[in-house]
Amino acid sequence: MTLNRTRRLKTLTGAGSVVAASNDASPVTGIKRAVELARKAEAEKITGLFTADLLHIDPAGLAGTAGIQEPIIALAALSQVTSQIGLIATVSTTFHYPYNLARQIGTLDHASGGRAGWNAVTSSVGEENFGETLPSPEERYERAAEFIEIVNALYDANERDAATRKASGAVSIDPAKFHRINYRGKHFSVEGPLNVPPLPQGRPVQFQAGQSEAGVTVGARYAEVVYTSQPKLEDAIAFATELRRRATSFGRASGLPFIMNSFHSVIGESDADVARRLKEKQERIDYEQGRLKLADMLGAVWTSQSCRSTSRCRKHCYRKSPASIAGVAVWRSSAVMPVMV
């Protein structure tokens, strides 16, 4: 089965939260609001709904509501009230397993009629919830590369006609057309085959958002779309040039991967209103909280492992390395992300 036509991804916006709040009039208030926003985004020709994720609760509130819902389940719900918009779930390759992820995203692709994508990220927090120690950045990106290779191999291995529809409406499976991949790597060993029939779009769209040296290399090698947030045009040009230079070195076609740079706007009734809103927004910036967020993103050295893993201590117990105190936070809200081609 193949899609009747290719959909061109141009813009993304954040999917609404489906969760119920304690002061909601009804337990379905959250999902109803998320459905309303998804339908509105689709009607306004936004081409993708994106879900961020976080694998622990952020005690300082720096991440907003990221992580308070499971992305794949939330998008599966929204897939049933939309028909064209893409559905992109963020998934940690550090604390998930490729076979399970391939089944989950593959099923989302079937449920949505071929609209699924996933954003591969590595995690620098959350290990306390998985009974594991946090791998080094190098190990996390090694694992991410194997993870993506396995997921792609599982999707590619099964024959397109492995599942057929009978006259009764039931699905018939031909086990002989499901094939093993026999992957053996440093971090994973996966035999396969994937027990989800071939996807409507073959593979879901592969996103990646790593900005470190290793992250850019993973994006250059595997991603179809790389998400970034470059503040200046010259920075964006330099990033795109280097990313695609690396992609070419891996034998990929010219112009790949596509790049989506975040776009942030302040909307008002006039220039004066915009200036007022922007001034008020800047005055609300909490620079100390911003430094804490930046320190965490850059891997600040914590006073102890136990303190670093205890969320309530993070607000106070870090050492200000030059990297962590040099930056100034700029708060960014959910916004449209245009494609750079």
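Above this text you will find the structure in question.
For every chain, the first residue of the written sequence is number 1, and numbering continues from 1 onward in sequence order. In keeping with the predicted nature of the model, local features appear solely for residues at pLDDT of at least 70, side-chain atom pairs appear and are counted solely at 80 or more, and the whole-chain, interface and lining totals rest on all residues. Only hydrogens and water are removed before side-chain values are computed, so all heavy atoms of the structure are retained for them.

### With respect to the overall build of the protein chain
Phase 1 of the analysis: Numbered from the N terminus, helices here are DSSP runs of H or I no shorter than four residues, and strands are runs of E no shorter than two. The number of helices and strands found in the protein chain is 10 helices and 12 strands.
Phase 2 of the analysis: Buried residues are those whose accessible area, probed at 1.4 Å on protein chains only, stays under 20% of the maximum for their type, while exposed residues exceed 50% and partly exposed ones sit between those limits. Within the protein chain, buried positions represent 39% of all 341 residues.
Phase 3 of the analysis: Summed over its atoms, the accessible surface of the protein chain is roughly 18400 Å², and 54% of this surface lies on carbon and sulfur atoms. Residue burial considers only the protein chains on display, and all accessible areas are found by Shrake-Rupley using a 1.4 Å probe.

### As for the pattern of salt bridges
Phase 1 of the analysis: Salt bridges are defined as contacts in which a side-chain nitrogen from Lys or Arg sits within 4 Å of a carboxyl oxygen from Asp or Glu. On inspection of all chains with the given rule, the structure shows 13 salt bridges.
Phase 2 of the analysis: With a shortest N-O distance of 3.5 Å, Arg-184 and Glu-191 are connected by a salt bridge.
Phase 3 of the analysis: Residue classification places Glu-191 among the partly exposed residues on the basis of a relative accessible area of 37%.
Phase 4 of the analysis: One salt bridge in this structure joins Arg-245 and Glu-242, with 2.8 Å as the shortest N-O distance. Taken together, the positions of Arg-245 and Glu-242, both in helix α6 (residues 233-249) and 3 residues apart, correspond to about one turn of that helix.
Phase 5 of the analysis: One continuous salt-bridge network, built from bridges that share partners, spans Glu-213, Glu-242, Arg-245 and Arg-246.

### Comments concerning the packing of aromatic side chains
Phase 1 of the analysis: Any two rings among Phe, Tyr and Trp, with Trp reduced to its six-membered ring, count as a pair given centres within 6.5 Å; such a pair is stacked if its planes are under 30 degrees apart, edge-to-face if over 60, and tilted if neither. Taken as a whole and judged by the stated rule, the model has 5 aromatic pairs.
Phase 2 of the analysis: Consider the rings of Phe-50 and Tyr-227, whose centres lie 6.5 Å apart with planes at 40°: the pair is tilted. Of this pair, Phe-50 sits in strand β2 (residues 48-51) while Tyr-227 sits in strand β10 (residues 225-228); the two residues are 177 residues apart in sequence, bridging distant segments of the chain.
Phase 3 of the analysis: Judged by its relative accessible area of 25%, Tyr-227 falls in the partly exposed class.
Phase 4 of the analysis: Pairwise contacts between aromatic rings join Tyr-97, Trp-118, Phe-147 and Phe-188 into one cluster.
Phase 5 of the analysis: For the cation-ring pair, Arg-143 lies above Tyr-97, with the distance from its terminal atom to the ring centre recorded as 5.5 Å. Ring-over charges, as used throughout, are those where CZ of Arg or NZ of Lys falls within 6 Å of the ring centre and within 35 degrees of the ring normal.

### Regarding the nonpolar core
Phase 1 of the analysis: Nine residue types can take part in a nonpolar core, namely buried Ala, Val, Leu, Ile, Met, Phe, Trp, Tyr and Cys, and a core is a set of them joined through side-chain atoms within 4.5 Å. In terms of nonpolar packing, the biggest core is built from 38 residues, with Leu-49, Leu-101, Ile-105 and Trp-118 touching the most fellow members.
Phase 2 of the analysis: Elements that contribute at least two residues to this core include exactly α1 (29-43), α2 (71-79), β3 (86-92), α3 (98-112), β4 (116-121), α4 (137-157) and α5 (213-222).
Phase 3 of the analysis: Contacts were defined at the residue level, with two residues in contact if any of their heavy atoms lie within 4.5 Å. Residues in contact with Leu-101, not counting those within four places in the same chain, are Ile-72, Val-91, Gly-106, Trp-118, Phe-147, Val-151 and Tyr-155.
Phase 4 of the analysis: In terms of nonpolar packing, the next biggest core, distinct from the first, is built from 9 residues, Val-216, Ala-223, Leu-243 and Ala-247 among them.

### A short note on α6
Phase 1 of the analysis: Here, expected helix span is obtained from the residue count minus one, scaled by 1.5 Å. Its 17 residues give α6 an end-to-end C-alpha distance of 24 Å, which sits within 8% of 24 Å, the value for a rise of 1.5 Å per residue.
Phase 2 of the analysis: Where α6 ends, the next residue or the one after it, Gly-251, has phi of about 85°, a positive value.

### A short note on the environment of Trp-118
Phase 1 of the analysis: Mapped onto the elements of the fold, Trp-118 is located in strand β4.
Phase 2 of the analysis: Measuring from C-alpha to C-alpha, the distance between Trp-118 and Phe-50 comes to 9.0 Å, with 68 residues separating the pair along the chain.

### Looking at the pairing of β2
Phase 1 of the analysis: Neither face of β2 is left uncovered, since the one carrying Gly-48 and Phe-50 and the one carrying Leu-49 and Thr-51 both have all their residues buried.
Phase 2 of the analysis: Any two strands with at least two DSSP-identified bridges between them are counted as paired. Direction of pairing for strand β1 (residues 12-14) relative to β2: parallel, over a ladder of 3 bridges. Bridged to Leu-12 within β2 is Gly-48.

### Digging into the packing of α4 against α5
Phase 1 of the analysis: Two elements in contact, α4 and α5, have axes whose closest approach is 10 Å; the angle formed by their N-to-C orientations is 15°. With respect to α5, the element α4 is oriented roughly parallel. Seen along the crossing, α4 lies across α5 with a hand that is right-handed. The residues of α5 that touch α4, namely those facing Tyr-141, Ala-145, Ile-148 and Glu-149, are Ala-214, Gly-215, Val-218 and Tyr-222.
Phase 2 of the analysis: When residue character is reported, Ala, Val, Leu, Ile, Met, Phe, Trp, Tyr, Cys and Pro are called nonpolar, Asp, Glu, Lys and Arg charged, and the others, Gly included, polar. Residue classes in the contact of α4 with α5 are distributed as 6 nonpolar, 1 polar and 1 charged. Structural elements are reduced to axes, namely lines fitted to C-alpha atoms, with helices fitted over the stretch in contact, and the angle between N-to-C directions of any two is expressed from 0 to 180 degrees. Put simply, angles under 35 degrees are roughly parallel, angles over 145 are roughly antiparallel, angles from 65 to 115 are roughly perpendicular, and the rest are oblique. Here a crossing is called left-handed whenever its near helix is offset anticlockwise from the far helix by less than a right angle, and right-handed whenever the offset is clockwise.

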